[in-house]
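Breakdown of the fold
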Amino acid sequence: MKTFRFVLSLSITLAIGVALNSKIGVVPPLGKFLSPFHGFWQNAENEIIDIESASLDEQLNDSVNVFFDELLIPHVFAQNEKDLFFTQGYITAYHRLWQMEFQLYSAAGRLAEILGPKIGNTSLIEVDKQMRRIGLMYGAKKSEELFKKEEPEVYALIEAYTAGVNAYIESISYSDLPIEYKLLDYEPEQWTPLKCFLLIANMNNMLSRGERDLEHTNALKKWGREVFNTLYPERPDTVDTVIPKGTLYDFDPIKIEKPDVTFPLEFVNPTIDQPNPDNGSNSFVVNGEKTANGRVILTNEPDLSLNAPSIWYVMHLNAPTINVMGATLPGGPGVTIGFNDSIAWGNTNAKRDLVDWYYIQFKDDKREEYLYNGNWVPTKKVIEEIEVKGSFSYYDTIIYTHHGPVVYDRNLKSEDSELINLAMKWIAHDASKEIKALYMGNKANNYEDFVEAFSYFSGPPQNYSFASVNGDIALWINGKFPVKWEEQGKFLLDGSNIDHEWKTYMPQSHNLHVKNPPQDFVSSANQHAADTLYPYYQYDYNYEYYRGRRINDRLRVMDNITVKDMMELQHDNFNYNASEALPMMLDSLDSASFTDLEWEYYNKLNNWDFFNEPDRQAPTIYEVWWNKLNTKLWDEIDSADVSVYRPNWFTTIEILKKNTDFFMIDNQYTDIEETAGDLYRKTFKETIDYLEEYLDKEGNSLLWYTFKNTTVRHLLRITPFSKSGIKIGGNRSIVNAASRTHGPSWRMVVELGDGEVNAWGVYPGSQTGNPGNPLYGHMIDEWAGGDYYKLLFETTISPSNENIVHNITLRP
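Calculation rules
- Residues numbered from 1 in each chain as written.
- Predicted model: local features only at pLDDT ≥ 70, side-chain atom pairs only at ≥ 80, totals over all residues.
- Heavy atoms only, no water.
- Helix = DSSP H or I, 4+ residues; strand = E, 2+ residues; numbered from the N terminus.
- Rg over C-alpha atoms; globule rule 2.2 N^0.38 Å.
- Buried < 20%, exposed > 50% of the residue type's maximum accessible area, 1.4 Å probe, protein only.
- Areas by Shrake-Rupley, 256 points an atom, 1.4 Å probe, with all protein chains shown as cover.
- Lys, Arg positive; Asp, Glu negative; His and termini not counted.
- Charge placed at Lys NZ, Arg CZ, Asp CG, Glu CD.
- Phe/Tyr/Trp six-rings, centres within 6.5 Å; stacked < 30°, edge-to-face > 60°.
- Lys NZ or Arg CZ within 6 Å of the ring centre and 35° of its normal.
- Pairing = 2+ DSSP bridges.
- Contact = heavy atoms within 4.5 Å.
- Axes fitted to C-alpha atoms, helices over the stretch in contact; angles between N-to-C directions.
- pLDDT = per-residue confidence, 0-100.
- Core = buried A, V, L, I, M, F, W, Y, C linked by side-chain atoms within 4.5 Å.
- Patch = residues over 30% accessible without salt bridge, like charges linked within 9 Å, V, L, I, M, F, W, Y side chains within 5 Å.
- Salt bridge = Lys/Arg side-chain N within 4 Å of Asp/Glu carboxyl O.
- Parallel < 35°, antiparallel > 145°, perpendicular 65-115°, else oblique.
- Left-handed = near helix turned anticlockwise from the far one by under 90°.
- Nonpolar A, V, L, I, M, F, W, Y, C, P; charged D, E, K, R; others polar.
- Polar contact = N/O pair within 3.5 Å; in protein donor to acceptor, adjacent residues only side chain to side chain.

Looking only at helices and strands, one finds 23 helices and 31 strands in the chain. Here the C-alpha atoms of the chain give a radius of gyration of 27 Å, agreeing with the 28 Å that 2.2 N^0.38 yields for 812 residues. Dimensions of the chain, computed from C-alpha atoms along their principal axes, come out at roughly 80 × 70 × 65 Å. When the 812 residues of the chain are sorted by exposure, 62% land in the buried category. Total accessible area on the chain stands at roughly 31,100 Å², and carbon and sulfur atoms take up 46% of it. The centroid of the 74 positive side-chain charges in the chain is displaced by 3 Å from the centroid of its 114 negative side-chain charges.

If you walk through the whole model with that rule in mind, you get 50 aromatic pairs. Site record: aromatic cluster; members linked through ring pairs are Tyr-545, Tyr-546, Phe-574, Tyr-576, Trp-608, Phe-610, Phe-611, Tyr-622, Trp-626, Trp-649 and Phe-650. In this structure, Arg-212 packs its charged tip against the face of Tyr-645, placed 4.9 Å from the ring centre. Just above the ring of Trp-649 sits the side chain of Arg-732; from NZ or CZ to the centre is 4.4 Å.

Bringing the sheet that holds strand β11 (residues 337–340) into the picture now. One open sheet accounts for 11 strands, arranged β1-β31-β2-β3-β9-β10-β11-β12-β20-β21-β23; its pairing is mixed. Bordering the open sheet on either side are β1 (54–55) and β23 (513–515), each of which pairs with just one other strand. Relative to strand β20 (residues 462–468), strand β12 (residues 343–349) runs antiparallel, the two sharing seven bridges. Directly across from Asn-347, in β20, lies its bridge partner Tyr-464. Across the sheet, helix α3 (residues 81–107) is in contact with β1, β2 (64–69), β3 (74–77), β9 (313–319), β10 (322–328) and β31 (804–811); its angle to β9 comes to roughly 160°.

This part covers the pairing of strand β16 (residues 380–387). The pairing of β16 with strand β17 (residues 393–400) spans eight bridges and is antiparallel. From the neighbouring strand, Ile-386 faces β17, where its bridge partner is Tyr-394. Count of turn residues in the β16/β17 antiparallel hairpin: five residues, of which Gly-390 carries a positive phi of about 65°.

Looking at the chain, the pLDDT average stands at 93 and 94% of residues meet or exceed 70. Here residues 1–25 is a poorly scored stretch, pLDDT under 50, and it has 39 contacts once near neighbours within four places are set aside; other chains count. Low confidence marks residues 33–39, where pLDDT is under 50. Its contacts with residues over four positions away, or in another chain, come to 23 contacts.

By size, the foremost hydrophobic cluster in this structure holds 260 residues, and its most contacted members are Phe-339 and Trp-357. A total of 14 residues in this core trace back to one element, the largest contributor, which is α3. Contact partners of Trp-357, with chain neighbours within four places excluded, come to Glu-211, Asp-213, Leu-214, Ile-272, Val-407, Tyr-408, Leu-422, Ala-423, Met-424, Leu-492 and Leu-493. Core analysis: the next-biggest nonpolar cluster, separate from the first, contains five residues, Phe-67, Phe-77, Ile-797 and Ile-804 among them.

A cluster of acidic side chains, namely Glu-47, Asp-50, Glu-52 and Asp-176, defines a negative patch on the protein surface. Within the element layout of this structure, Glu-47 appears in the loop between α2 (30–34) and β1.

A few words on the sheet that holds strand β8 (residues 307–308). Spatially, β8-β25-β26 is the arrangement adopted by the three strands of the open sheet, whose pairing is mixed. A single partner strand is all that each edge strand has here, and the edge strands are β8 and β26 (723–726). In this structure, strand β25 (residues 710–714) lies alongside β26, joined through two bridges in antiparallel fashion. If you follow Val-712 over to β26, its bridge partner there is Lys-723.

Turning our attention to the packing of helix α18 (residues 618–633) against helix α21 (residues 676–695). Running from amino to carboxyl end, α18 crosses α21 at an angle of 130°, the nearest separation of the two axes being 9 Å. Relative to α21, α18 is oriented oblique. Our pair here, α18 against α21, has a crossing hand that is right-handed. Within the contact between the two elements, α18 uses Thr-620, Ile-621, Val-624, Trp-625, Lys-628, Leu-629, Lys-632 and Leu-633 and α21 uses Leu-679, Tyr-680, Lys-682, Thr-683, Phe-684, Glu-686, Thr-687, Tyr-690 and Leu-691. Partitioning the contact of α18 with α21 into residue classes produces 10 nonpolar, three polar and four charged.

Most of helix α12 (residues 434–443) is tucked away: eight of the 10 residues are buried. What α12 keeps buried is the set Glu-434, Ile-435, Lys-436, Ala-437, Leu-438, Tyr-439, Gly-441 and Asn-442.

Because each turn of an α-helix spans 3.6 residues, side chains separated by three or four positions in sequence point in the same direction. Among the 10 residues that make up helix α20 (residues 649–658), seven are buried, leaving the element largely enclosed by the rest of the structure. Within the sequence span of α20, burial applies to Trp-649, Phe-650, Thr-651, Thr-652, Ile-653, Ile-655 and Leu-656. Packing partners of the buried residues in α20 comprise α11 (225–231), α14 (547–557), α16 (576–587), α18 and α21. A distance of 3.1 Å separates the backbone nitrogen of Phe-650 from a side-chain oxygen at the start of α20, and that oxygen is part of Asn-648.

Where helix α7 (residues 152–171) meets α12, the closest approach of the two axes is 10 Å, and the angle between their N-to-C directions is 90°. The angle between α7 and α12 places the two elements in the roughly perpendicular class. The segment α7 lies against α12, with Val-154, Leu-157 and Ile-158 engaging Ile-435, Lys-436 and Tyr-439. Tallied by class, residues from the contact of α7 with α12 come to five nonpolar, no polar and one charged.

Taken as a whole and assessed by the stated rule, the structure comprises 45 salt bridges. Where Glu-151 meets Lys-433, a salt bridge forms, and the shortest distance between an N and an O atom there is 2.8 Å. Here Glu-151, found in the loop between α6 (136–150) and α7, pairs with Lys-433, found in the loop between β19 (422–426) and α12; they are 282 residues apart in sequence, far enough to count as distant. Of the two residues examined, Glu-151 and Lys-433, each falls in the buried class. Linking Asp-278 and Arg-732 is a salt bridge whose minimum nitrogen-to-oxygen distance equals 3.0 Å. Of this pair, Asp-278 sits in the loop between α11 and β6 (280–286) while Arg-732 sits in the loop between β26 and β27 (742–744); the two residues are 454 residues apart in sequence, bridging distant segments of the chain. With a relative accessible area of 30%, Arg-732 lands in the partly exposed category. What you see here is one network of salt bridges that share partners, running through Glu-101, Arg-110, Glu-113, Glu-189 and Lys-195.

As structure tokens, then:
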């Protein structure tokens, strides 16, 4: 116990120092915080788990047994579904209560309430204001009302989960609170069913809100159509799609003719913050024709922020009507990515533009009416109170139109913002039934059940991969998709023009899907969904161009595949971008004039096989060179007087190869007209200068993993609660997509066949969210090294099972 108390006390001493240096705006009352009986000392744990059996005052119908295995994965065995989901809420809160609450404080626009008005130079009032204006709570409330009316049985299970969370909250005192509550000096509030719906809205925020409509409008107005199409092409020829090319579609599509419209070319500057563009995933499934033992194998890895506590919490849920295991989202019932006795499923983000912006013309400054289809239509005003810790309340008036909330207006950013009114239309504002989809998916027995279950899934749109014990494999792109005419929503739309409206949605049966394809595998990695044979307009600004191609390249030539092979493919470090860019960069150099140092760097790159292995030096050199080249190349974009963005890496290479006279290749800060070769040569020298200076600092090396410095960051960015310098290869746009603070947040491999389901998993963190627990972050090194844990999945478990380290019973 003394060792753990010392480690935790050292961490807290450092954390208080961090807090006092403005990482956290409010320091807790130190008397209570430092109390040996109630304060942070109580968060040091000698045992890896200390939860006890409990009687819960008639909140359960029957007793529930919970068995914790060596990874602290809870295996919950209940006699009915209400008790099962009650216990899921109770146990999740035991391990992840602070995380559950904090992520939804963020989603609800309430960070200033617990952190104060600022963190460093960042105004949390402005952060909260944006979160409220984009309407996550607006959509969550609609979904809750829909469930109350149409899905009372599932809503009752959500209420049971909620009751379980609250039962745990009521069972603990201040001394038991997670340490983050003590650091920030606040206590948990009651959980509500609405928070479960807000959790889904928050996932939409991460995965379906990304768009560049306003930046596109700025670029089109600033540079014209020809330059715009060069910078942001829709569909390169070499796209390797999610649905196999040449697939035919046996349905009559809904046809919408593109009207004769004019886009309102208004400059918008600045634009609101976007979700991380690297949010994505890999999933691939092979059938028995490609495996060594004839069984099917499904893999999945969501690539998201590397957080502590982890985004995911693994659970096994068992009742007479359900037996399911996998990754759950703390704060929501059921399993999000996982498997049961009959099927396995995974998902990746299905790229599609589902946010459109509408230019709004108000009748006058009162903003009580706006122009639509030749008429003045009334608005709705909602006054939001943003409570600020230790200070005051800030009030923001949000105007609602039939398109959605007016996010951009005179009150959004600052008085320097241009006076423009823009309403946001987003699928996430509509009522939806994702929790029902997951509930039914958890219980699905076959392909037909799977299809029916996820037909209720509206968003964020996902490429759902599927495998079953009977040998079927499949992939469905599930979501609610408006039928759009070409380029609808790619630019700012006219909110007064009825022709700019979404008219209807695609029937669910028209969503892209494939079952048991001739190629014997399915895969998705956030690339284009289908070729031009698909009769609906598809568009997103942020398709992925490398991971999907690499996965498909490998699966096409792999045979006699084993589980180990699939694991190795998840950890594949081939840098497709470098393989296409580096040869032309090296060819441009004038080796006749090289110094000895330049030869040294050149040879390291020239001898590289394009694999970003952790102990290689070439990936570091290439990363710096590529970034410096992009900075030089896109200086016109970076310094533009309006919000625009750089082209993606794939397009950058295409321009450098095929459009060598493109005006942006010339560096605007020099008097001479540069060519691409000039940029390569100049940035190669700059790269060497930069890295030599970098190596002069003690402890620095060119090893890729040390330079990249992959870090799992605590949600409060408290360094002692985080882990940096993780020895892992890969990078963004590589199958092993581990970049500095982003990457595979959960890796799962499931083998199905011969009446058996075997599964392996790992993630960069731990089940416990307590930094004082001996197992805090214990899976990170295994995750980085490509190791997996065999997951215990049995229909019955006894306390004597050698894998069980603790068990409790919750009683009525």
